[in-house]
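Next come the chains, spelled out residue by residue.
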Amino acid sequence: QVQLVESGGGLVQPGGSLRLSCAASGFTFSTSTMNWFRQAPGKERELVATIFTTGRSTISADSLKGRFTASRDNAKSTMYLQMNSLKPEDTAVYYCKALLYDRRTYWGQGTQVTVSS
């Protein structure tokens, strides 16, 4: 069955870095558009990044550009989110999402990122 497993979250000090991973299985990763989302306490889930099948990626918010970078490794069926210069407002649960070629979508269970001193 389809599985998306996020990892790499944790507690980090402001200004620190984390790299999240999303390991995919059960579907053809290379033909799927992938997304990173995040949801902070009391807020709606928001789009962080999109990684297209070509490997091109976009970061959704201006506040994240220059700090966050999304990438994928089709050989490993894994996508990544490199987060630098982290701020307390980046604290959230981070989710990966897969959009398959037939329009089915799947979500991972999320990984907690806490930015605090």
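As a reminder, the structure under discussion sits directly above these lines.
(A) Expanded view of the pattern of salt bridges. In the structure shown here, the tally under the stated rule is five salt bridges. Where Asp-90 meets Arg-38, a salt bridge forms, and the shortest distance between an N and an O atom there is 3.0 Å. With Asp-90 in the loop between strand S8 (78–83) and strand S9 (92–99) and Arg-38 in strand S4 (residues 33–39), the pair connects residues that are 52 residues apart, well separated along the chain. Note on accessibility: Asp-90 and Arg-38 belong to one class, buried. We note a salt bridge from Asp-102 to Arg-104, for which the minimum N-O separation is 2.8 Å. A relative accessible area of 32% means that Asp-102 is categorised as partly exposed. Accessibility expressed as a relative area gives 41% for Arg-104, which makes it partly exposed. What emerges from the salt-bridge pattern is a single network uniting Arg-38, Glu-46, Arg-67 and Asp-90.

Reading guide: rules and limits
Residues numbered from 1 in each chain as written. Predicted model: local features only at pLDDT ≥ 70, side-chain atom pairs only at ≥ 80, totals over all residues. Heavy atoms only, no water. Salt bridge = Lys/Arg side-chain N within 4 Å of Asp/Glu carboxyl O. Helix = DSSP H or I, 4+ residues; strand = E, 2+ residues; numbered from the N terminus. Buried < 20%, exposed > 50% of the residue type's maximum accessible area, 1.4 Å probe, protein only.

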